[in-house]
Each structure stands twice: as structure tokens, then as C-alpha cells.
Amino acid sequence: MTTATPGIEPAAQRIELAIGGMTCASCAARIEKKLNRLEGVSATVNFATEKASVDYAGDVAVADLIATVEKAGYTAEPPPPPAPAADGAEGAEVPSTEDARDEETSRLRQRLLVTVALSIPVILLAMVPAWQFRNWQWLSLTLAAPVVVWGGWPFHRAAWTNARHGAATMDTLVSVGTLAAFGWSLWALFFGDAGMPGMRHGFDFSLSGQNASQALYLETAAGVTAFILLGRYLEARAKRRAGSALRALLELGAKDVAVLRGGREQRIPVSRLVIGDRFVVRPGEKIATDGEVVEGSSAVDASMLTGESVPVEVGPGDAVTGATVNSGGRLVVEATRVGADTQLARMAALVEQAQTGKAAAQRLADRISAVFVPVVLLIALGTLLTWLAIGHGATDAFTAAVAVLIIACPCALGLATPTALMVGTGRGAQLGILIRGPEVLENTRRVDTVVLDKTGTVTTGRMALVGVHVADGVDKDEALRLAAAVEHASEHPIAAAIAAAVDEPAPVADFANIPGLGVQGVVDGHAVIAGRERLLADRAMHLPASLAEAKRAAEADGRTAVLVGWDGAARAVLEVADRPKPTSAEAIARLRTLGLTPVLLTGDNAAVARSVAAEVGIDADRVIAEVLPEDKAGVVAKLQSEGRVVAMVGDGVNDAAALAQADLGLAMGTGTDAAIEAADLTLVRGDLRSAADAIRLSRRTLGTIKGNLFWAFGYNVAALPLAALGLLNPMIAGAAMAFSSVFVVTNSLRLRRFQAEA
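Quantities reported herein were computed from a predicted structural model and do not represent experimental measurements.

Another aspect to go through is the sheet that holds strand S23 (residues 623-624). Hydrogen bonds between backbone atoms are what pair the strands of a sheet, whose relative direction is either parallel or antiparallel. Taken together, 7 strands build an open sheet; the order of strands is S14-S26-S25-S24-S15-S22-S23 and the sheet is mixed. Every other strand in the sheet has two partners, leaving strand S14 (433-435) and S23 as the edge strands with one partner each.

The following block contains the structure:
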């Protein structure tokens, strides 16, 4: 979350700017620093989502913010005003952003494929002298020129932009290194001896005794460009779906609605609803917007928004929420909130706010490059001047300086993260674990608390019959058979759970649904009633002591008690509950072995939550119940404020904001698209045990990335002195650079052997 910087008044306005031109996390830091220098401004720039969340007050205008970003060398655009659409979707900026990113990734892929196709012959000709036919070097130049100029254009453009603003990044090294190698090759071809027919390109480990004017570095310029483009493409593909959580949330709502106007039903888009409109919701339909029931009664399934496993009975005067599902009878609802004021829209705003406030991916290579790149440039310049000062020729001096640039080109650094991520995510996909991108791995080593949503994550998310209690002299099977018969005719989810406990429910006659109380009917000549205690009491059916105690115990455990009576007497109590998944207890034990403290978070009542926690092995003091959807992200934020690094596991729309707020969000693949899109990892199988595997795989992948970066930097540190002393010519430097890349890729491939726990 963005907080105001000390010394300024709380911001009166907030805006999100779409930032263009960022190539690494240091770009985001530079923009953020520039914006925060403005008086009355507090800004957070997220490299992963390419957005800047800005609070501003006083005399600052949006135009001033955009101008500041542009002066730093980047682009900024305010969000377009939301345009009403026929399908009721709010705002067009999310889909348009998705389309723009897809188009950008497609262009990068095309640039990569062309670059690789042109680079391979150049590299092979340079590395295999036996293949060097007469005038081969001119073919290499023809192929390498478009690679360096067109393929490397994104790096050259970024390097020039950074140079104009006194900054240097990895783009600077790539650009300077490839252009220096290509420029030297042009000099050698046109003004040296490298263009002579029959020239052969050999391997020499030092500059001593070689004709520097014959040295070509075309394969180095082309190879570095191709490798770094590959890394950029893999990163772009991982970020392509940013913003999909918002679209998934908005698409959850109803698209059109049957509104009552002039005493007649009229079908209109939801976007045209206004406060005070009355609309009809039939069984099975989504409620179009937040409102109040004015006619009818029904059970409303709000589990996807509130986490409540039991449908809520509603009648005249009760409030209902948009996007929930009417499970029972016909309702007439009066709209009380529409558009951006609805609970669904507010939840979408919470997801966006949590995503913007989440720390950008702090890649180690980008953090170090702020110092590494200028140092390398100084070493190259120092090498050139030193060689000239001690009496060596200009060609040897320049060749040594080029060797420094080439040996320091961060090809292995560019591959360290995306190759490990590609192998790790590929292996994860085979195991049913989807990792969104490298930014999700940063906190896996430090996660110490895992917050678990109850409904659909720890439990099945479906009501089931868990107990049958009967009065003295009553057969359990007979009681269940009669209850299932009348419940089978009802559409209520609790009724469905009871009916499902019998293979073939008996036929029922004279069936009637008593709204909010239960059902009744005649089964095999018995007048059967099933429902709340009040329904039976109204018919003078009072519970015997044994059944009253069974009902009390069931409700104390958070279960729903359904009373059954027939032929004038109360005879049974049925217990219905949302049961834990068979693997949940084992999964929580595995999470504990990883050093995580499990916390149960739910919108359900405290009794239900404590009962579930006891069954799966979660401490009673780690249960947080009766939490409203908009408060779940706040619970996660509170744990974070206590110094905890939080992982969140959930599956419902009500979990989306909390998943985005958490340091690590894990969504059950059996849940909603909104939760999946907001999460960092998705567990396709819906098995909570895979959460432990996901964290283990994430930690292993992060460890591999850090190992790759360590060896890549180690290679640079060891090779730079050799190049500066003239012990490595640029040809050998290029080969060494390629070897370092091969090492990084090989190390990443070890992730393919990762196995899930049995």
C-alpha cells in the first residue's frame, strides 16, 4: 500500500499512470524518485505491472506528473475514463492494456526469431574454421548487421535514453558491447586485413603475436543480442497477463437484468441500472447489483463473495449483494448501489490497490548493475588508456578494451532468471503448480505464516450429511429415507446434501416449500416435515431430550441441524456441514515442516471455523472467523505489519484482494478465475498438499536463480582482469561468454528433477 511520505499532507487525489519504456527495476526506482521529489506527491512505481500509483495534493496537476515521467525518459498515460458497455463491464482500460501487452510480446517474439535465425550461421562460421569458405566474412557481416542494428534496437534505444539522463543499466553494457564489437569488425573489414579473400578466423588466447586488424567479433555481437533478446522475451511472456484479476472480477457480475418499469419486465444491460430501479431475479440467476429485497424469499448462495458455506435465507427488507446467486424462489430487488459503489467493484479496487502496492520484483542483476555497469565502462576506458600509455599500438589497446566490454556483457545475467523460471515453471506445470513469474519467488524463502481460506480450500466447499440422530425406537435408515424424499424435491443446497445421501429417494406427494423454514410432503403415507425447529413446533412436534441435546451439540460444532418429523412427532436430527478435504490435515502438517504457521481465515461463523481447525490441526488461537470480504486483505496487511511474511491460500472471489495483498498468493485451481488471476501461484489439482510442494518448488527455483547470478557475476569478476591484461582477446571472450550462458542453462535444467512429496 502507498503511504504518504513524511512532511506532506494526506493526498487529496489518487491516480494510476500507465508507464512505458521501463526495462528493469532500476527504471521503476528512478521514476519513483523523480515523482516523489515533487511537493505534495507520494508515488509507488511497480515494474511488474508497469503502473505508477500517485497520491498528489496542492498545486500539482496530472499534467505535471506526466511531464516529470517524460523528463526522466519514459512515457506516462492516465487511465481513460470508463466507457459503459453493453455487457456491463466497467471500463475498457483493462482489456486494452491486455491487447497492448499481447501485441508487444508478439513483436518481441518476432524480433527474437529473426535474430536467432540470422545469428546461428554467423556464430557457426566464426567458431568452426573448417567451414570458413572464401569471403565467408562478408556473408557474416550481411547476416550480423541487421541483428545488431534491428535486433538490438530496444537495447540501443534504452541505452541512449539512459545516457541522456546520466544513467546506465544492463542495456548500456549490451548496447556498448555489441556496437563496439560490430564497429571494430567494420574497421577490420574495410580498413584492416579482415576483408581479404581467404582470411581465416582462428583461436588465440592472448593478443600477443596476432594481427589485431584481422580480428572479427561479428559472432559476439550477434550472439549477445540473441541471448539477451531471449531473456527479455521470457520476461515479457511472464508479465503479459498483468491486470487480468480485475477483468475476472468484473466479468463475475451479471451482464443484463430484468428491470420492472411501468409494471412490465424489460431486459436491459446492467450498466443502465440506476439507484431505485426494481428488478426480478429468478432461481439460478445472478443478482445484478447490490440492493434490498422487496418481494419474495429465497436462499442466496454468497459463498463466492463472502466465504459462507451455508446459503443465506433472505426475504423482504434483507440486503443482497451483486454477483451472488439466487438458489430458490423469485425475488424482486430494489437497487441501492450501482457501478463503482457496489461490493464487487470495491473488491476489484482492492485487488488493484494491493497489486500496485506490492513491491516490484527486485532482481539481483538489476540492483547490482547500477554499480556494475559504470565500473565496467571505466575499466574498459582505463584498459585502453593504460595500453596506449605503456607503448602498445592503438589496435592492441582497442582490442583489449573491447575484450573487457565483451567479457562483461551480461548474457549469463540476462539468462539467469528466465531460464531457471522456464524450467521451474515447466516442472511445476507437470505437477499441477502454475508459477506466474519471477517476482513471486522473492519472498518464498522468508515466508513464515500461511493464511488458509476455509471454504473450498481447507474444506470441500460443498454441504454434506455428516450425522443422523434418531429418537428411541426409530430406525436411522428409515428416518434418512423419509427426509431425503422430501428434500429431493427442494432446490436448496442443504436439501441437496441430504438427498444425495440416499441412492434413490422415494416419491413424494403434496410437496410444499415453506420459505425460510423447510419443506413438507407425503412419503409412503407418512406426512413428513423437515427443516427448522420452529417449523416443527408450529405443528406441535416438540423435540425429545435426546434430540434437543443432539441439535445443541451439532450447532456448537458449527454444523447445520435439520429436524425431521412425521406422523405428528419429531423423530430425527440430521447434521449437515462443509467437511474438510481428506488431504487437508496432511497438507497442514507438511506446511508446518516448512517452518510455516497456519492461520485459518473465513467469513463463516466462529463455531464452524473452530470445528474445522480442530479437525485439520490448526491451533484454536490461529482462527480468524466472521471476516467480511473487504476485510480479508486488511487481516493479511495486519499480519504483515506485525513483521510476518505472509502466504495466502484461497479459491473464492472474496479471497482475491487478500491473495494480491499477501507476499505470496496461492489460488486453488478449482476456485474462481478472479482468485486465480490475483494469485502468484495456482494449484491446479485443488489439493492443499500441493501448496507445500509449490512453496518448495518456488524456493528451489529462487535458489537456482541466485546460484546462476552468483556464478555469472563470479565469471565476470574473474575474467575482467584477464581481459584487461590482454590475456583474453575478444574472440575468446565471446566464447567464454557463451560458455557461461551454457553453464547457467545447464544449472537451470536441474530443476527438471524436482519431485513432489509422496
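Structure shown, so let's carry the discussion forward.
Taking 1.5 Å per residue as the helical rise, helix H24 (residues 689-724) with its 36 residues ought to reach 52 Å, and the 53 Å between its terminal C-alpha atoms agrees with that figure. With its phi angle positive at about 85°, Gly-726 sits one or two positions after the end of H24.

Taken as a whole and judged by the stated rule, the model has 26 salt bridges. For Asp-277, the salt bridge identified is with Arg-261, shortest N-O distance 2.7 Å. Of the two residues, Asp-277 sits in the loop between strand S6 (264-269) and strand S7 (278-281) while Arg-261 sits in strand S5 (residues 256-261), which places them 16 residues apart along the sequence. Given a relative accessible area of 10%, Asp-277 falls into the buried group. Here Glu-285 ties to Arg-267 by a salt bridge, and the two come within 3.8 Å at their closest N and O atoms. You can see Glu-285 sitting in the loop between S7 and strand S8 (291-295) and its partner Arg-267 sitting in strand S6, a full 18 residues away along the chain. Looking at Arg-267, the relative accessible area reads 47%, which means it is partly exposed. One connected set of salt bridges, linked through shared partners, spans Asp-256, Arg-267 and Glu-285.

Following the UniProt record, one finds the feature "transmembrane region" (unreviewed entry) at residues 112-130, 136-153, 173-192, 212-231, 368-391, 397-417, 708-725 and 731-749. Across residues 136-153 one finds 94% helix and 0% strand; the C-alpha atoms that close the span lie 25 Å apart. In this annotation, residues 173-192 is assigned 90% helix and 0% strand; the end-to-end C-alpha distance for the span is 26 Å.

This paragraph deals with the layout of surface pockets. Of the voids in this model, the second largest pocket is the one considered here, and its volume is about 820 Å³. Around the second largest pocket, the lining comprises 42 residues; the ones closest to its centre are Glu-313, His-492, Ile-494, Gly-516 and Arg-532. Elements represented by at least two residues in the lining of the second largest pocket include exactly strand S9 (298-301), strand S10 (312-314), helix H16 (493-499), strand S17 (509-514), strand S18 (518-523), strand S19 (526-531), helix H18 (545-556) and strand S20 (560-566).

The 6 strands lie next to each other as S6-S5-S7-S13-S8-S11, forming an open sheet whose pairing is antiparallel. The outermost strands of the open sheet, each flanked by one partner alone, are S6 and strand S11 (319-320). Pairing of S5 with S7 involves 3 bridges; the strand directions are antiparallel. Paired with Leu-260 across the strands is Arg-278, a residue of S7.

Here is what the cut-offs are and how they apply
- Residues numbered from 1 in each chain as written.
- Predicted model: local features only at pLDDT ≥ 70, side-chain atom pairs only at ≥ 80, totals over all residues.
- Heavy atoms only, no water.
- Pairing = 2+ DSSP bridges.
- Helix = DSSP H or I, 4+ residues; strand = E, 2+ residues; numbered from the N terminus.
- Expected span 1.5 Å × (residues − 1).
- Salt bridge = Lys/Arg side-chain N within 4 Å of Asp/Glu carboxyl O.
- Buried < 20%, exposed > 50% of the residue type's maximum accessible area, 1.4 Å probe, protein only.
- UniProt positions renumbered as here; feature names shortened; annotations may be inferred.
- 1 Å grid on protein atoms, 1.4 Å probe; cavity = no way out; pocket = protein on both sides within 12 Å on 5 of 7 lines; lining within 4 Å.
- Points joined across faces, edges and corners; volume = space filled by probe spheres on them.

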